[in-house]
Each structure stands twice: as C-alpha cells, then as structure tokens.
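A look at the structure
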Amino acid sequence: MNATLEARELNATHRCDACGAQAYVRVVLESTGGELLFCAHHARANEEKLRPLAATWQDETQHIGA
C-alpha cells in the first residue's frame, strides 16, 4: 500500500459516497485498490461487510465536532 495514500488526511472537501456529507472514513479495497469515502454513519452501517475486504481503514471520526 502506498504510504502517501494512507497518510493523507481527510478534509471538508472529501464527501461521503453514500450521502454527500463530509467524509471521515476512507476505505481502500484490497482487491482493486479502489477508494470509498464515508461519513461516520455510513461507515458504521457498512463496516461489517467492508472490513474483510479492506486493505486499509482510515478512521478520522475523532475530528467530528472539533
């Protein structure tokens, strides 16, 4: 996995792929290297299905409300 990709912080321009809200979780899929962005709500809703497929799971939900 590219260290540069993993180190990139999410910011207000990153939007949830499911609803368009600000993204706080980046999931990089192991099989394709594709990237999914989720708000905290949709990350939790899809975590059980996606964790086994993820090469990386970048969770920045600690920044909510900061």
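Named according to an unreviewed UniProt entry, the protein chain is DUF7455 domain-containing protein originating from Kocuria marina.

Describing the pattern of salt bridges
Applying the stated criterion across every chain, the model contains three salt bridges. One salt bridge in this structure joins Arg 26 and Glu 35, with 3.0 Å as the shortest N-O distance. On the basis of relative accessible area, Arg 26 is assigned to the buried category, the value being 1%. Glu 47 serves as the salt-bridge partner of Arg 51, at 2.9 Å between the closest nitrogen and oxygen. On the basis of relative accessibility, which here comes to 27%, the residue Glu 47 falls in the partly exposed class.

Some words on the state of the cysteines
All chains considered together, the criterion is met by zero disulfides. Cys 19 supplies the cysteine sulfur nearest to Cys 16, a cysteine that is in no disulfide, at a spacing of 3.8 Å. Overall, Cys 16 belongs to the buried group, its relative accessible area being 5%. The exposure class assigned to Cys 19 is partly exposed, which follows from its relative accessible area of 44%.

Each value, and the rule that gives it
- Residues numbered from 1 in each chain as written.
- Predicted model: local features only at pLDDT ≥ 70, side-chain atom pairs only at ≥ 80, totals over all residues.
- Heavy atoms only, no water.
- Salt bridge = Lys/Arg side-chain N within 4 Å of Asp/Glu carboxyl O.
- Buried < 20%, exposed > 50% of the residue type's maximum accessible area, 1.4 Å probe, protein only.
- Disulfide = S-S within 2.5 Å.

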